[in-house]
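# Chain and residue survey
Take a look at the letters that make up each chain.
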Amino acid sequence: SQRFNALSADARWQRVWDERRTFAANDSSPKPKSYVLEMFPYPSGRIHMGHVRNYTMGDVLARFRRMNGMEVLHPMGWDAFGMPAENAAMEKGVHPGGWTRDNIATMKAQLKRLGFALDWTREFATCDPEYYGHEQAIFLRFLAAGLVYRRESAVNWDPVDMTVLANEQVIDGRGWRSGALVEKRKLNQWFLKITDFAEDLLSGLADLKDWPEKVRLMQENWIGKSQGLTFRFALTDAAGTGEGVVEVYTTRPDTIFGASFVAVAADHPLAQSVAAGDPAAQAFIEECRRGGTTAAELETQEKKGFDTGYKAAHPFDPTIQLPVYIANFVLMDYGVGAVFGVPAHDQRDFEFATKYKLPIRRVVSEGTKDSPEFHEAEAYTGPGTLVNSHFLDGMDIEDAKREVILRAEAGGWGEGTTVYRLRDWGISRQRYWGTPIPIIHCADCGAVPVPLDQLPVKLPEDVSFAVPGNPLDRHPTWKHVACPSCGKDAVRETDTLDTFADSSWYFIRFASQPDDKPFDKAVAEQWLPVGQYIGGVEHAILHLLYARFWTRALQHVGMIDLAEPFAGLFTQGMVTHETYKSSDGRWLSPGEIEDGIEVSTGQPVTVGRVEKMSKSKKNTVDPEPIVDQYGADAVRWFMLSDSPPERDLEWSENGIEGAWRFIQRLWRLVASEGGGSAADGGEDIGLRKTAHRTVKGVADAIEGLQFNKAVALIYTLANAIEKAAPSQDRSDALATLLRIVAPMVPHLAEEAWAAQGGEGLIADVAWPTVDPALLVDDEVTVAVQVNGKLRDTILLPKGTPREIAEAQALASEKVARLLEGKPPRKVIVVPDRLVNIVA
Ligand code: ANZ
Ligand code: ZN
């Protein structure tokens, strides 16, 4: 027919792929293996445009690699634990599990409507006990290997809701529901020793050549390696008696003569001991604890301190006695929780010194030793020469650092050290909807692992969310069990694992999912690492770092021989859309507007900026009705065509209509001729070349994930075919066109393939082969110079004789203008390269 009926074609081919299990990956296939993975979705309710874009990109690559003879693993599942399910439980009175399952069903149907080449036989949700039970087994392996420990650590406590809050639930220091001022509480919590792998995770980044540079940089900064000096100051207390030492960490030992104070964190033992005898110090420490704890918060809040009365002796000149403060900008868990302050060369110290009228000694000069230049209003942190620093004077910063470290080590009062900003991974969550931590607490035996044959520790179904807090903790029976070791009454751990644990190994479980263990080593290693991983840049740090760590930890305990889980990474841009605002500044959805007027108020509406689609800005577009209206292929085509995949893509009605029109045009084109049947007419070498070049170009573009380039090439070929007269070459070009669009618009391709009597499915057909001879350029660009200056370029057939090249160059309008009608004095021709005209 002349019209492509997307709705019937979509349904037909989706059913065929399903029934034939076309995209189920075969572990024992002799073909080369390729693992293409998009970050699995959180089952929040419905598929959004961001998912559509993400999964379309991965799908094109997966289908392309299949056509190129590879055995492709392209799986899908659900990152199903997490807070939104518990929030729904609280708001709507539904069970988090039921809510999650319903969402999965809806979203799976929506994904199927897009015709993705997914291996649904490997689908799982992380909330399946079959999955999280294996995660518990891995946790216990890590525990046995010394990679897990428990210690006290602070949580955000909502005193009204009586519950622990995640950082995202604390808004301006208050609980998101109760509005109560959030307190810090110390709880015993579980940690994974990611810091054991800090150096490894850092150095491994260098091998990730197929990762975006910016993501590697973000990881590098997060790991935050620094080299410095740890050393000790001798202390004297307020009464003037010598008493102990305080250890500090610095990355700028060169600035030691610029020190004007020492500062310790509020949780530092010295602060604690001062507070024991001084209520004012105690009050200050409590004030610090109420403040933020993140590095960013510490950076921005006002720098405050409490003078302990202690003095610290300068290591190179004990006559210099520095005051010792408790300060709110010193973190307990970085370095050693204490610093020396150099106001002239550290902005935090500068602000602190200004407030407390401490000396500002400048020791690094931007100018030379003899004519130093100083900054008055801020700290100077740039390069320079040491001044006012005794034996360091005249050195550059690096030499001075080395010198101070050398002297500290020789004197036995300090050591050169490497410090990482990376903290151990706190994995305890005081929530229901997560993987139960498989530990039993016994009064006699301590924390006892749940025996492996008792896994999975399943979540109880009968829980209530009517009151805040952790339902596992107040469940009447679930946590009361016998100690596996001594048999006495004991209680289960009621914390569940951070959901980042679930997403740290799902890609391995996709590759191999036996019942009796997390995965089979040999099978998993056949597929891994993931060849191409695709997802949002919002996961650039945590998810990717945790997954890299978890994989190394699995390697450490001998479960897999692999360090890096993702060989290639691509982070796609967002889908954006216009926004609308009412006359009084409320966001409006298009449905609330008619002819530029807000329907409910009759007031004019302003068109706002193009922004990332989000519910709060009311500018989301639900993919489902769009797919129903235009068909899956048009939506896929639009997602690929409009902008480079790493950039944002603006959704527009015009765009999707354009895509739909092209689908129809493509259909007319391939349906107009029964594939390769019409062989009248002669040859069309030009079209043949265009076709071969397009195949090569599209292949390169898809492998390079430059889908918009692939689309542009396909447009060009389609145009050329439309213009060409009937010939065998034209028929061949049409057959080629159909194959190369198949990964992008698979329903149309299958429909046309079947209509032309093609054998089997086009999904299984080989990608067209390219004749390299047809790729060779037979035209060259020749530079035209006048008196040695480039004035023009001309396109000439390769091997054009000198006299013709000369004539063509002289025919250039630009050259003619410069010659002003006079004949040239001399013309030099370098064949296929250059024509130089001497005027
Ligand atoms: C003296 C000094 C002089 C410093 C100077 C900086 C500039 P990075 O490079 O980010 O690792 N510091 C050390 N431990 C700290 C803690 N627990 N809380 C807050 N600040 C701490 O930062 C290292 C620098 O941060 C260290 O070097 C120390 O201040 C501070 F001109 O020591 B510096
Ligand atoms: Zn016991």
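To be clear, the structure that these remarks concern was listed above.
Quantities reported herein were computed from a predicted structural model and do not represent experimental measurements.

## Some thoughts on the overall build of the protein chain
In terms of regular secondary structure, the protein chain is built from 26 helices and 35 strands. Dimensions of the protein chain along its principal axes, counting C-alpha atoms only, are 105 × 85 × 65 Å. Here the protein chain, with 839 residues, has 51% of them falling under the buried criterion. Sequence separation of 24 or more characterises 71% of the internal contacts of the protein chain that already satisfy a separation of 6 or more. When the accessible surface of the protein chain is split by element, carbon and sulfur atoms take 51% of a total near 37400 Å².

## Topic: the side chain of D10
Mapped onto the elements, D10 comes out in helix 1 (residues 6-20). The exposure class of D10 is buried, given its relative accessible area of 0%. A polar atom in the side chain of D10 sits 2.9 Å from the backbone nitrogen of A632. What D10 contacts, discounting residues up to four positions off in sequence, is R113, G631, A632 and H747.

## Observations concerning the side chain of T576
Its location among the elements puts T576 in strand 26 (residues 575-581). For T576, a relative accessible area of 7% translates into the label buried. Look past the residues within four positions of T576 in its chain and what remains in contact with it is V610, E611, K612, M613, D648, L649, E650 and W651.

## Section: the pattern of salt bridges
Inspection of the entire model under this criterion finds 48 salt bridges. A salt bridge links D792 to K814; its shortest N-O distance comes to 3.8 Å. Taken as a pair, D792 in strand 33 (residues 789-797) and K814 in helix 26 (residues 813-819) lie far apart in primary sequence, 22 residues in all. Using a relative accessible area of 17% as the deciding quantity, one classes D792 as buried. For K814, a relative accessible area of 42% gives the class partly exposed. Residues participating in the shared-partner salt-bridge network are D200, R548, R552 and E564.

## Overview of the nonpolar core
Judged by nonpolar contacts, the single largest core of 175 residues is most densely connected at Y35, F142, Y506, F507, L528, W651 and I702. Sorting elements by how many residues they give to this core places helix 2 (residues 49-67) first, with 9 residues. Setting aside anything within four residues of it in sequence, one finds Y506 in contact with L37, E38, M39, F40, F124, Y131, Y533 and H543. Counting residues in each nonpolar core, the second largest holds 39 residues, with V246, Y310, A338 and I397 among its members.

## Considerations on the coordination of the zinc ion (ligand 2)
Distances from the zinc ion (ligand 2) to its protein donors, namely C442 (SG), C445 (SG), C483 (SG) and C486 (SG), fall within the range 2.2 to 2.4 Å. Between the 4 donor atoms coordinating the zinc ion (ligand 2), the angles at the centre fall across 106 to 112°, so the site counts as tetrahedral. Within one chain, the residues serving as donors to the zinc ion (ligand 2) are arranged as C-x2-C-x37-C-x2-C.

## Focus on unusual backbone geometry
Excluding glycine, a negative phi dihedral is what most residues carry, and trans is how most peptide bonds are arranged. Look at the link from L455 to P456: it is a cis peptide, with omega at 0°. Relative to the elements of secondary structure, P456 occurs in the loop between strand 20 (446-449) and helix 13 (471-474). For the peptide bond that leads from L528 to P529, omega is 0°, which places it in the cis range. Counting through the fold element by element, P529 comes out in the loop between helix 16 (521-527) and strand 24 (532-536). Unlike most non-glycine residues, D172 shows phi in positive territory, near 50°.

## Section: the site of ligand 1
Residues in contact with ligand 1 amount to 18 residues; listed here are only the nearest, T250, L331, Y334, H345 and R421. Within the side chain of T250, a nitrogen or oxygen atom sits 2.7 Å from an oxygen atom of ligand 1. The contact in question runs from an oxygen atom of ligand 1 to an N or O atom on the side chain of R421, over 2.5 Å. Burial of ligand 1 by the protein amounts to 87% of the accessible area it has alone, namely 650 Å². Where the shell around ligand 1 is concerned, the elements lending two or more residues are strand 9 (242-250) and strand 13 (338-341). By residue class, the composition of the shell around ligand 1 is 8 nonpolar, 6 polar and 4 charged.

## Some points on helix 4 (residues 96-113)
Here helix 4 spans 26 Å end to end across 18 residues, near enough to the 26 Å set by a 1.5 Å rise per residue. Those residues of helix 4 that are buried lie in contact with helix 2, helix 3 (83-92) and helix 18 (623-630). Phi turns positive one or two residues past the end of helix 4, at G115, with a value near 70°.

## What to know about helix 5 (residues 129-144)
The first and last C-alpha atoms of helix 5 sit 22 Å apart over 16 residues, in line with the 22 Å expected at 1.5 Å per residue. Taken together, the buried positions of helix 5 are Y131, Y132, G133, H134, E135, Q136, A137, I138, F139, L140 and F142. In the segment just after helix 5, G146 is the residue with positive phi, at about 80°.

## Some points on the packing of aromatic side chains
Tallying each qualifying case throughout the model produces 44 aromatic pairs. Judged by centre distance (4.9 Å) and plane angle (45°), the ring pair of F124 and F510 falls under tilted. With F124 in the loop between helix 4 and helix 5 and F510 in helix 15 (residues 506-511), this residue pair connects regions lying 386 residues apart in the sequence. Since its relative accessible area comes to 0%, F510 is described here as buried. Taken together, a centroid distance of 5.5 Å and an interplanar angle of 80° make the contact between F231 and W413 edge-to-face. With F231 in strand 8 (residues 225-236) and W413 in the loop between helix 12 (397-411) and strand 16 (414-420), this pair connects stretches of sequence that are 182 residues apart. Take F231 and W413: they sit in the same class, and that class is buried. Taken together, the ring pairs connect F40, F124, Y131, W505, Y506, F507, F510, Y533 and F566 into an aromatic cluster. Seen from the ring of W17, R63 lies directly overhead, with NZ or CZ sitting 4.5 Å from the centre.

## Quick notes on the sheet that holds strand 33
Read from one edge of the open sheet, 4 strands run 33-32-35-34, paired in mixed fashion. With partners counted over all chains shown, the strands left at the sheet margins are strand 33 and strand 34 (826-830), one partner each. On average, adjacent strands in this sheet sit at an angle of 20° to one another, irrespective of strand direction. By the bridge criterion, 8 bridges tie strand 32 (residues 779-786) to strand 33 in an arrangement that is antiparallel. Residue pairing across strands places V782 opposite I794, the latter belonging to strand 33.

Conventions and cut-offs
Residues numbered from 1 in each chain as written. Chains lettered and ligands numbered in written order. Predicted model: local features only at pLDDT ≥ 70, side-chain atom pairs only at ≥ 80, totals over all residues. Heavy atoms only, no water. Helix = DSSP H or I, 4+ residues; strand = E, 2+ residues; numbered from the N terminus. Buried < 20%, exposed > 50% of the residue type's maximum accessible area, 1.4 Å probe, protein only. Contact = heavy atoms within 4.5 Å. Areas by Shrake-Rupley, 256 points an atom, 1.4 Å probe, with all protein chains shown as cover. Polar contact = N/O pair within 3.5 Å; in protein donor to acceptor, adjacent residues only side chain to side chain. Salt bridge = Lys/Arg side-chain N within 4 Å of Asp/Glu carboxyl O. Core = buried A, V, L, I, M, F, W, Y, C linked by side-chain atoms within 4.5 Å. Donors = N, O, S within 2.8 Å, 3.2 Å for Na, K, Ca; no water. Tetrahedral: all angles 85-135°; square planar, octahedral: opposite > 155°, others 65-115°. Near = heavy atom within 4 Å. Nonpolar A, V, L, I, M, F, W, Y, C, P; charged D, E, K, R; others polar. Expected span 1.5 Å × (residues − 1). Phe/Tyr/Trp six-rings, centres within 6.5 Å; stacked < 30°, edge-to-face > 60°. Lys NZ or Arg CZ within 6 Å of the ring centre and 35° of its normal. Pairing = 2+ DSSP bridges. Axes fitted to C-alpha atoms, helices over the stretch in contact; angles between N-to-C directions.

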